[in-house]
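# Coordinates in review
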Amino acid sequence: MRLRLNFWTIVAILTWGLLAVLLFEPVGSVLITSLFDKDGNFTLANYGTFFSQWRFAQSFFNTLVVGFGALAGALVLGCTMAFCVSRFTIAGSRFLSLLSILALVSPPFIGAYSWIVLFGAGGVVRGALRDFGINMPPIYGLGGILMVFALKFYPYVYLMVSGALGNVNRSLEEAAEGLGLTPWQRVFKISLPMVFPAISASALLVFVLAIADFGTPRLLGRGYSVLATEAFAAYSAEIGSNFSMGTTISVVLIFVSLVFVALQRYMSRRNVYHGNLINKPTRIRLKGWRNVLAHVVVYAIGLCGAMPVIVSVYYSFRKTNGPVFQDGFALQSYERILFNLADVVTNSLTFSLVAVLLIVAAGTIVGVLVARRTSLNTSLLDAAFMIPYVMPGIVIGIAYIAAFNTGPVVLTGTAAIIILSIFIRRLPYTVRTTATALRQIAPSLEEAAVSLGYSPFRSFLKITVPLIVPGIIAGGMLSFVTAINELSSSLVLYVGSTMTMPVRIYLLVLDGDFGTAAAMSSILLLLSGLAVYIAFRFMGRNEQALL
Amino acid sequence: MAYLEIKGATKSFGNFTALNGVDVSVERGEFFTLLGPSGCGKTTLLRAIAGFNDLTSGDITVDGADLRRVPPHQRDIGMVFQDYAVFPHLSVFDNVAFGLKPRKVPAAEIRTRVAAALAAVHLEKLADRLPAAMSGGQQQRIGLARAMVINPRLLLMDEPLSNLDAKLRIELREEIRDIQKQVGIATIYVTHDQEEALAISDRICVMSAGHIEQIGTPQQIYGNPQTRFVAEFVGTLNRLAPGAATDTLVAGLGVKNAALWAIRPERLALAAPGEAGVAGTVTRYTYLGREAHVHVETAVGNLAVQVANPGMAAVSAVGDAVTLRLDPASLLAFDADGKRIGAEP
Ligand SMILES: Nc1ncnc2c1ncn2[C@@H]1O[C@H](COP(=O)(O)OP(=O)(O)OP(=O)(O)O)[C@@H](O)[C@H]1O
Ligand SMILES: [Mg+2]
């Protein structure tokens, strides 16, 4: 008993140490750097500059516009789809949810570029439409950003809201019908309030993700700057000097994100309507034009969301001459990757695998600590693990540069810094899922094993571990998907030898080499798809787990 | 000295006392039941015996050896859980064999002992199945076989039947009782169902708010309750309204200091016409097939009368004037502290 206590005390101390080095120190550095001038004197001048210069005020405003715009777009698409799929019989609904998974796991900046290929200045679709005499503006600017975000983020709303809709007890709706409410009144008075927590939680999540996104506004914005792009620009411009403007913008971005993450947490906690699922909702089979309309709408959303994937897979097989596409198909783009860019793929794979192994090992042990040793200490720990949720990737990147560029541990330019930045961002997820899984295992199971003659530790190994391992493997696979698609922090942290696939894709797109970018995206997508498949094999098909 | 001996068991959670000086002794092979309302400390006492929650103070000995010094996994105490606690990733066979492995039982013997245990609970056909999809009754049988197969020194059961439906509860409680008598393991059984307790126990310990009200055989608990709490918790009780009518009724009994007079419904009967007794009016009539409950408003209060085998003719209507046959010797008297006056010891 004593020994166990010591073991967990050591784990707690190590965890706090880990958080101190990998989280508090970097975030603290960001804050401190933003509060000091070049000569190391305390100053609020950076914040003064931020709030007085029109350019920053504009990007702050733009960030909110992008956040709310994405939120609105994703809500409309996601709720429509959720409502149709959970209330009407839709042919091929499994295929539809596959489409939404595709949208979910594809890197967002690929979405941006694919839409440029279709609707940009020289866009294919736009060109074709012009032949018919229809002139549409290219999709650059705010409109384009919002469209891409809506299509990229609608799956979050769709999955969360359809989950909630599936839990609304049909008896409630029947009772409302019995009370004489019309179908529309039923939707607004019964169903909507029941799923409102899910709607608001997913909407806020979309907001947080949208303002953290760097690739999309960078590629599509054409001068429409947001805080994430400004932070990156300031960081790139000031590299080598003290990049206090970059950190100042980061602090503002953290603050905005913090507000909305807090709101999101509050809303998800209120998401507590658990119907007893005796009377599951049934789906209505629509007739005639209504049926056609419902199918057209959901498939349009699903296909548009998956369009970037379709476009990049298609273009990855197109014949190219340099960066220019030719007629016909070839494997040139893949050959280029194989011969010139294999190291990038290897980098991505090794970094992600190492990060995932670390995440799973540390996340499981800390998850056990949080779930089983409840005390003030662990609930503080729980709170500390919220911090990475609030931190946009670009900010983590800048924070790691601020913390590990000088001082006792210099990590800049190493693979370790990229791996650690992924590690710290994904660790909370694993801690949380492990803790949740453990809390769902009745304590009586381990007690039963103890009463049968197993020591507490052996009971844990023989009973609890086998029960949570499938979930841990599945969680590891989903972490792998996040790790291998990570762009914004790696973009700040990479050097030539530690370039990852998303960074390379981003640079290829900037160079206009879309063939290679498409091929590399397709490889990325294949790897992600594989990981999702394995995850689903271990825990059953569960789209909710992807959120 | 008894087989299991608990002395002065006290358990505090912060400044709340869940157990307050409980003394219990259980004999070898005895079926001993802890009965009491929710929150009275039954589970707390059971978990202290199992070792999951240690007592704040007190002694527990089995066969004269101090149990509190033994870590839970070496106590050799079988436990059956309310939520079954069947291991979902192990087959029925492996569940039952689980406790034999740390005891270094040879494989061949494991097979025969598990087979015998499964046969005892009628699960031999399901040995290779996973328990996940099984019914509650089947899962609880696994739990029972698993706890008994290790031949523990004691068997503890915490409301093992409370998650099952009424019919299965009766069926399984009789099985539990039969199996326990066959193997002869001293068993402590927790329930808050008085009928269950009466049906299967050798002795019952009625608890309330962390202390013991009475320990005795089912007959003693029901027929000779020592306290008002026991009389009310086990069975139903008619309380006579204090007043002149009651005083007259009990005058001949020579009992002083009675704060409350009460009588069991089955000790009352409807008198034949013309017979002397307590006059009253029917206020409610509940027909239950095997019996009927007639509520009668009388000068000594509203009394429920249990009528066995109510025939077709014996229907009373609300408002009927009736006379009750009440033998004052059947009355129970309690003092102001709720202690029974004149109880047999
Ligand atoms: N870990 C604990 N911390 C604080 N109080 C506790 C704890 N465990 C039990 N209690 C309290 O001790 C009292 C006795 O609880 P116990 O579980 O023994 O009751 P019980 O008789 O088994 O009731 P039930 O029939 O509901 O199972 C209750 O009031 C309960 O709230
Ligand atoms: Mg209990």
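### Brief notes about the site of ligand 1
Residues and elements named next belong to chain B. Surrounding ligand 1, one finds 13 residues, the nearest of these being S38, G39, K42, T43 and T44. Within the backbone of C40, one N or O atom sits 3.2 Å away from an oxygen atom of ligand 1. For ligand 1, the protein covers 60% of the area, taking 630 Å² as the surface of the free molecule. Of the residues forming the shell around ligand 1, the biggest block, three residues, is contributed by helix α1 (residues 42-50). Taken together, the residues of the shell around ligand 1 sort by class into five nonpolar, six polar and two charged.

### Quick look at the interface of chain B and chain A
Across the contact, 20 residues belong to chain B and 18 residues belong to chain A. Roughly 1,700 Å² is buried in total at the junction of chain B and chain A, and carbon and sulfur atoms are behind 70% of that figure. Its largest share of buried area at the contact with chain A, chain B owes to H73(B), H89(B) and F98(B), together 35% of the area lost on that side. Across the contact surface, chain B and chain A share one salt bridge. Measuring nitrogen to oxygen at the nearest pair gives 2.7 Å for the salt bridge that ties R47(B) to E447(A). Joining chain B to chain A, the criterion identifies five residue pairs in polar contact (both at pLDDT 80 or more).

### Some points on the domain arrangement of chain A
Residue and element names in this part refer to chain A. Parsing chain A into structural domains produces domain 1 (1-38 + 326-547) and domain 2 (68-316). Computed from C-alpha coordinates alone, the two centres of domain 1 and domain 2 are separated by 24 Å. Around 4,200 Å² of area is buried between domain 1 and domain 2 when both sides are counted, 76% of it from carbon and sulfur atoms. Here domain 1 and domain 2 share zero salt bridges between them. Going through the elements one at a time, α1 (2-34), α14 (332-340), α17 (387-390), α18 (393-404), α21 (456-485), α22 (488-493), α23 (501-511) and α24 (514-539) are the ones with two or more residues in the side of domain 1 that touches domain 2. Considering each element in turn, the side of domain 1 that touches domain 2 owes the most residues, 11 residues, to α24. Taken together, the residues that form the side of domain 1 that touches domain 2 break down as 34 nonpolar, 10 polar and five charged.

### With respect to unusual backbone geometry
All names here are of chain B. Residues other than glycine seldom take positive phi values, yet K104 does so here, at roughly 55°. The residue K104 is located in the loop between α2 (92-97) and α3 (107-120) in this model. Positive phi, close to 45°, is recorded for N151, a residue that is not glycine. Along the chain, N151 turns up in the loop between α4 (136-148) and β7 (154-158).

### Let's talk about the domain arrangement of chain B
Residue and element names in this part refer to chain B. For chain B, the assigned domains read domain 1 (4-233) and domain 2 (238-341). Once you take the C-alpha centre of each, domain 1 and domain 2 turn out to be 39 Å apart. Overall, the association of domain 1 and domain 2 removes approximately 800 Å² of surface from exposure, summing both partners, and the carbon and sulfur fraction of that is 43%. Note that R239 is salt-bridged to E232, the shortest N-O span being 2.2 Å. Taken together, the links from domain 1 to domain 2 amount to eight residue pairs in polar contact (both at pLDDT 80 or more). The greatest single-element share of the side of domain 1 that touches domain 2, amounting to three residues, is contributed by helix α8 (residues 228-233).

Rules behind the numbers
- Residues numbered from 1 in each chain as written.
- Chains lettered and ligands numbered in written order.
- Predicted model: local features only at pLDDT ≥ 70, side-chain atom pairs only at ≥ 80, totals over all residues.
- Heavy atoms only, no water.
- Near = heavy atom within 4 Å.
- Polar contact = N/O pair within 3.5 Å; in protein donor to acceptor, adjacent residues only side chain to side chain.
- Areas by Shrake-Rupley, 256 points an atom, 1.4 Å probe, with all protein chains shown as cover.
- Helix = DSSP H or I, 4+ residues; strand = E, 2+ residues; numbered from the N terminus.
- Nonpolar A, V, L, I, M, F, W, Y, C, P; charged D, E, K, R; others polar.
- Contact = heavy atoms within 4.5 Å.
- Buried area = accessible area lost by both parts, 1.4 Å probe.
- Salt bridge = Lys/Arg side-chain N within 4 Å of Asp/Glu carboxyl O.
- Domains from an automatic or database assignment.

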